[in-house]
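# Report on the structure
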Amino acid sequence: MSEIMEKLYFYIQFPMVRKALIVGVLIALCSSLLGVTLVLKRFSFIGDGLSHVAFGAMAVAAVVGLTNNMPLVLAVTAISAILLLRTGTNTRIKGDAAVAMISVGALAVGYLLMNVFPKSGNVSGDVCTTLFGSTSILTLSKKEVLLCIILSAVVMAVFVLFYNKVFALTFDEDFARATGTRTSAYNLLIAMIVAAVIVLAMNLVGSLLISALVIFPALSSMRVFKTFRSVTVCSAVLSVICALLGMLVSIVTGTPVGSTIVVVDIFSFLIFYLIGLLKEGVKK
Amino acid sequence: MKRILCLSAAAALVVALCSCSAVDNGKASRSGAKTVNDVLNEAQSGDSGKTDNSEGEFVGDGEKSIADIKCDIDLTKMESNMVTATVNDFYINPENYIGKIIKAHGTFGVYEMPGRNYYLCVMTDPTGCCSPSVEFLLKNERKYPGEYPAMDTEITVIGEFETYFEDGKKYCQLKDALIN
């Protein structure tokens, strides 16, 4: 135990580890805030679809030779999020079919571009890093860290400021519209935030594992808590703890960061599931 | 009012977290930064006895083994995640490492280019798809391939971190390196 603590103390001295922990916590917090809304609106899988779009955009940015790819990736992901999340319009391809189409399409185009116009000698390494995160959270530049912090702050501010509207839209969009809420504008806002969270979370867990970061904390919290506010708060706390624990375990044991965080999320879900069962048993 | 309080708390959290990251870059690796020559001179009792042994080691007779040479950054004692991150940081913030003595363990690799070969210590990352590597330049020039280890042989290398420019691009390497 003391050996682990010594190791942790040693690694925490590295600026890159401190940066990774800060950014990781912020990303986990943001993704969990949106997770509750997305799960309740039956959009759990949208994170997966959008992350593949972000992967495609990242490949385009690499091919074009952009040194800072985040603005382009953010813009493309936001546009896709708006297209996927707009509701009540006469789209010919709807729901999960649209998500699946955009998801696999972007993934295929991204991978094709990376192979046809390779920017480094290690295409498989680049793809692997983008899909699974690898150690990208530990290798962020100062600019990326700053951008992550700003985006996280914006996401949190928007969520807190528009909490009531998000709540209304999550549970009954028709009622919200009937009471004068500009639902399309708020849906657009949610889409933009989701896009920002996806782009942020790609750094932490990679594009294939983003959904886990969005849905696990929300689903775990829903096993135990029943109100929107308590589920959101619990989800945020749980997500931060899991991300921190996952990152520390991965740093100490040398396992991949993204998958370690997701495994911790799975364990937390199992624990909350059991607690939920016990609670129901006690009530009966 | 509640929202303003929440926002203020969030802002304070972000500022507090940011201030943590601003702490002294490279602090972890700044203890006793002697140059590699100082260390190697301490370690070597004389170059006259420096011979390759039959197992292909480059640490000559009368020298301390690489394991005994003190270094500023010992990649051999880090987990693979941290090795990848640290090697990546060599390229992002090379100024933090110039003059530091660095030790790495991996497999021997070489890029054979017209006019110059680039000798590498190639490590593996946790996902196994990215292979961080450090270039090194041996203290005493040797002929390739005869006097170098075979490709993919496990090696430990120690040397002084430096940057150099080639075709207008910045690269980094471990100079005055020893391997075994």
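Please read these numbers as outputs of a predicted model, since none were measured by experiment. (Residues numbered from 1 in each chain as written. Chains lettered and ligands numbered in written order. Predicted model: local features only at pLDDT ≥ 70, side-chain atom pairs only at ≥ 80, totals over all residues.)

## A word on the overall build of chain A
- Of the regular secondary structure elements, chain A holds 13 helices and 0 strands.
- Along its sequence from the N terminus, chain A presents helices and strands in the succession α-α-α-α-α-α-α-α-α-α-α-α-α.
- For chain A, whose C-alpha radius of gyration is 19 Å, the value lies close to the compact-globule estimate of 19 Å for 284 residues.
- Here chain A, with 284 residues, has 50% of them falling under the buried criterion.
- Taking as baseline every contact in chain A between residues at least 6 positions apart, the subset at least 24 positions apart corresponds to 75%. (Helix = DSSP H or I, 4+ residues; strand = E, 2+ residues; numbered from the N terminus. Rg over C-alpha atoms; globule rule 2.2 N^0.38 Å. Buried ≥ 20, exposed ≤ 12 C-beta atoms within 10 Å, placed from the backbone. Contact = placed C-beta atoms within 7 Å.)

## Brief notes about the overall build of chain B
- Along its length, chain B carries 3 helices and 6 strands.
- In chain B, the order of α-helices and β-strands from amino to carboxyl end is α-α-β-α-β-β-β-β-β.
- Taking all 180 residues of chain B together, the buried fraction comes to 31%.
- The long-range fraction of contacts in chain B, counting pairs at least 24 apart against all pairs at least 6 apart in sequence, stands at 61%.

## Some remarks on unusual backbone geometry
All names here are of chain B.
- The phi angle at D152 is positive, at roughly 70 degrees, despite the residue not being glycine.
- As for its placement among the helices and strands, D152 is situated in the loop between β4 (133-138) and β5 (154-166).
- According to the C-beta neighbour criterion, D152 is exposed, with 11 such atoms within 10 Å.
- Even without being glycine, D176 reaches a positive phi, approximately 50 degrees.
- Topologically, D176 is positioned in strand β6 (residues 169-179).
- Using a count of 19 C-beta atoms within 10 Å as the deciding quantity, one classes D176 as partly exposed.

## Topic: the pairing of strand β2 (residues 101-113) of chain B
Residue and element names in this part refer to chain B.
- Looking at chain direction, strand β1 (residues 73-74) and β2 are connected through 2 bridges and run parallel. Note on β2: the bridge partner recorded for I73 is I102.
- The parallel pair β1 and β2, bridged by helix α3 (residues 80-92), forms a crossover whose chirality is right-handed.
- Pairing geometry for β2 and β5, over 7 bridges, is antiparallel. Within β5, the position partnered with H105 by the bridge is T156.
- For β2 and strand β3 (residues 116-122), the ladder comprises 7 bridges, and the chain directions are antiparallel. The partner of F108 across the bridge, within β3, is C121. (Pairing = 2+ DSSP bridges. Right-handed = clockwise from strand over helix to strand, strands pointing away.)

## Considerations on the nonpolar core
All names here are of chain A.
- V194 and A195 are the most contacted members of the largest nonpolar core, which totals 127 residues.
- Considering each element in turn, this core owes the most residues, 17 residues, to helix α2 (residues 15-40).
- Those residues in contact with V194, other than ones at most four positions away along the chain, are L34, L38, I46, L50 and A81. (Core = buried A, V, L, I, M, F, W, Y, C linked by C-beta atoms within 7 Å.)

## Some points on the environment of L200 of chain A
- By the secondary structure assignment, L200 of chain A is in helix α10 (residues 183-205).
- The sequence separation of L200 of chain A and R177 of chain A amounts to 23 residues, and the corresponding C-alpha distance is 31 Å.

## With respect to the confidence of the model for chain B
All names here are of chain B.
- For chain B, mean pLDDT is 70; residues scoring 70 or higher make up 61% of the total.
- When pLDDT is averaged over each element of chain B, β5 comes out on top at 89 and helix α2 (residues 36-43) at the bottom at 46.
- Of the two predicted TM-score estimates for the complex, the pTM is 0.75 and the ipTM is 0.71. (pLDDT = per-residue confidence, 0-100.)

## Overview of the packing of α2 of chain A against helix α7 (residues 142-161) of chain A
Residues and elements named next belong to chain A.
- At their nearest, the axes of α2 and α7 sit 10 Å apart, and the two run at 30 degrees to each other. When the axes of α2 and α7 are compared, the pair comes out roughly parallel. When you trace α2 past α7, the crossing you get is left-handed. Mapping the contact onto sequence places K19, V23, L26, I27, L29, C30 and L33 in α2 and V145, C148, I149, S152, V155, M156 and F159 in α7.
- Taken together, the residues that form the contact of α2 with α7 break down as 12 nonpolar, 1 polar and 1 charged. (Axes fitted to C-alpha atoms, helices over the stretch in contact; angles between N-to-C directions. Parallel < 35°, antiparallel > 145°, perpendicular 65-115°, else oblique. Left-handed = near helix turned anticlockwise from the far one by under 90°. Nonpolar A, V, L, I, M, F, W, Y, C, P; charged D, E, K, R; others polar.)

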